[in-house]
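Summary of the model geometry
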Amino acid sequence: MTVPERYDVAVIGAGPAGLAAAVSAAGGLKTTVIEAYGAGGSAAATPVIQNYPGCADVSGAELTRRIYEQAQRLGVSFVLTNPAVGLSTGGGERTVTLADGTTIAVHAVVIATGVAYRTLGVPSVDKLTGAGVVYADSVAEPSALAGQEVFIVGATAVAAQAALDLAKHASNVTMVVRAGSIDAGVSAGLAKEVDRTRNIRVRVNTQVVEAFGEGRLEGVRLRHRVSGTIEAARTRALFVMMGADPNTEWLKGSMVRDNEGYLLTGDELLRNGRLPDGWPNERVPLLLETSLPCVFAAGDVRHPRRGARDHAGAAGAARASRERRGSTELAFDRRARRIDAAADGVPDPLPQIPVPEVW
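Attention here is on the structure that accompanies the text. (Residues numbered from 1 in each chain as written. Predicted model: local features only at pLDDT ≥ 70, side-chain atom pairs only at ≥ 80, totals over all residues. Heavy atoms only, no water.)

Under the criterion given, the structure shown has 11 salt bridges. A salt bridge links R65 to E69; the shortest N-O distance between them is 2.8 Å. Of this pair, R65 and E69 both sit in helix α2 (residues 60-73), four residues apart, roughly one helical turn. When the shortest N-O distance is used, the salt bridge between E231 and R203 registers 2.8 Å. In this pair, E231 is assigned in strand β14 (residues 230-234) and R203 in strand β11 (residues 200-203), connecting sequence segments 28 residues apart. Bridged by salt links that share partners, the residues E62, R65, R66 and E69 form one connected network. (Salt bridge = Lys/Arg side-chain N within 4 Å of Asp/Glu carboxyl O. Helix = DSSP H or I, 4+ residues; strand = E, 2+ residues; numbered from the N terminus.)

Take a look at the structure:
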């Protein structure tokens, strides 16, 4: 049997949250990043990012390339196109199993596998992703679209709020909705706000059937689902906001998730003040620690409403790993309790790098 390679920290997912976690953890720790596809995640398809310190007006692809290269310079190793398919614990260690059967033993894990946005299933739309078409759950810089015609696909609360935010800057905002109204997915109060906003139009019983443009989005074709009428509309910005599914199916049964599949962490795991079933320690889970000790969640793999846009799990993972390396004579749960106690009221020595949102 092959002895698994050992690391201090394994980061699973190479989107902005995972890359930032790897950079934070790499200071003196042997760190690896495991990614199913290529580095960058969905942010790599973002045309412009304006809210990342020191990197204003940079494309998502360029920003993630910079962080990727920085991580490499710090000694982080990368395993690409060989996704993690299993995670287990035992003997004070965690074992990550990859698709090809390789196993990696680590002291701490950061799960940053993000989400998969629900798509329209229209090839011409997908082709222009990152070139005017954006799959997103928020609009970080609506002012970047000042004076433009903007289209949003979706009848969710996120889509309605995005429409309101964009309407303050865009010339017009059109919501494209398959159903007969937005009432099913939007609160009555939010629906009223949308209705009374002069430059928001809701196109019900309508779907986007095509996007067109030479290298960049120039317009869309809309089909009325009742009459069958097709019409073209000019736009250089199409937001698809139909929701997303967390990439956690591979963790089903091994850790606690909510009913949508997002990972629960910290005090979210407590039920009536009681520790989760199977939790092996007397201490409570750390802020971004999952139901497996020293396995942390970062980024969109936690539900957006819980403030998921951070990578602080890397700091917790690094603390756990450093403690383990310096105190090998102690049992792992005693180390973890001491880490937890030390973390209370003590500033984290690792830099907190924000994760960019898409515009």
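A ring pair, where both rings are aromatic, is described by two values, the distance of the centres and the angle of the planes. Applying the stated criterion across every chain, the model contains one aromatic pair. Just above the ring of Y7 sits the side chain of K30; from NZ or CZ to the centre is 4.8 Å. (Phe/Tyr/Trp six-rings, centres within 6.5 Å; stacked < 30°, edge-to-face > 60°. Lys NZ or Arg CZ within 6 Å of the ring centre and 35° of its normal.)

As a packed pair, helix α1 (residues 16-25) and α2 sit with axes 9 Å apart at the nearest point and diverge in direction by 30 degrees. Between α1 and α2, the interaxial angle falls into the category roughly parallel. The way α1 lies across α2 gives a crossing that is left-handed. For the pair α1 and α2, the contacting residues are P16, L19, A20 and V23 in the first and T64, I67, Y68, Q70 and A71 in the second. Among the residues forming the contact of α1 with α2, the class breakdown is seven nonpolar, two polar and no charged. (Axes fitted to C-alpha atoms, helices over the stretch in contact; angles between N-to-C directions. Parallel < 35°, antiparallel > 145°, perpendicular 65-115°, else oblique. Left-handed = near helix turned anticlockwise from the far one by under 90°. Contact = heavy atoms within 4.5 Å. Nonpolar A, V, L, I, M, F, W, Y, C, P; charged D, E, K, R; others polar.)

The next subject is α1. Buried residues dominate α1, accounting for 10 of its 10 residues. Those residues of α1 that sit buried are P16, A17, G18, L19, A20, A21, A22, V23, S24 and A25. (Buried < 20%, exposed > 50% of the residue type's maximum accessible area, 1.4 Å probe, protein only.)

Another point: the sheet that holds strand β13 (residues 219-224). Pairing is antiparallel across the open sheet formed by three strands, whose spatial order is β12-β13-β14. On the outer flanks of this sheet lie β12 (206-212) and β14, each paired with one strand and no other. Strand after strand, the sheet turns through a mean of 30 degrees between neighbouring axes, direction not considered. Judged from the six bridges that link them, β12 and β13 form a sheet pairing that is antiparallel. Residue pairing for β13: Q207 is matched across the bridge by R223. (Pairing = 2+ DSSP bridges.)

This part is about the pairing of strand β15 (residues 237-240). Residues A237 and F239 line one face of β15 and the alternating positions L238 and V240 line the opposite face, and both faces are buried. In terms of strand pairing, strand β8 (residues 133-135) meets β15 through three bridges, oriented parallel. Bridge pairing links Y135 to V240 in β15. Pairing geometry for strand β9 (residues 149-153) and β15, over four bridges, is parallel. Looking at β15, one finds that F151 is bridged to L238.

This part takes up the pairing of strand β6 (residues 103-111). Regular strands show a simple pattern: their side chains alternate between the two faces of the sheet. Burial analysis of β6 places eight of its nine residues in the buried class, which makes it a mostly covered element. Taken together, the seven bridges between strand β1 (residues 5-12) and β6 define a ladder with parallel strand orientation. Residue A10 lies in a different strand from β6, and its bridge partner there is V109. As defined by bridge partners, strand β5 (residues 93-98) adjoins β6 across four bridges and the pair is classed as antiparallel. Each residue of the ladder has a partner; that of V96, found in β6, is I104. Hairpin connection from β5 to β6: four residues lie between these consecutive antiparallel strands, with G101 at a positive phi of about 95 degrees. In the sheet, β6 pairs with strand β17 (residues 295-297) via three bridges, with the strands oriented parallel.

Despite not being glycine, T81 has its phi angle at roughly 55 degrees, a positive value. The class for T81 is exposed, based on a relative accessible area of 61%. For N272, which is not a glycine, the phi torsion comes out positive at approximately 55 degrees. Inspection of the secondary structure assignment puts N272 in the loop between β16 (244-246) and β17. The exposed category is assigned to N272, whose relative accessible area is 83%.

A few words on the nonpolar core. Where a protein is soluble and globular, its nonpolar side chains tend to be buried together. Judged by nonpolar contacts, the single largest core of 26 residues is most densely connected at I152, L166, V173, M175, I200, F239 and M241. Contributions of two or more residues to this core are made by β9, α4 (157-167), β10 (172-176), α5 (188-196) and β15. Top element by residues in this core is α4. It accounts for seven residues. Counting residues in each nonpolar core, the second largest holds 24 residues, with A17, Y52, L63 and V76 among its members. (Core = buried A, V, L, I, M, F, W, Y, C linked by side-chain atoms within 4.5 Å.)

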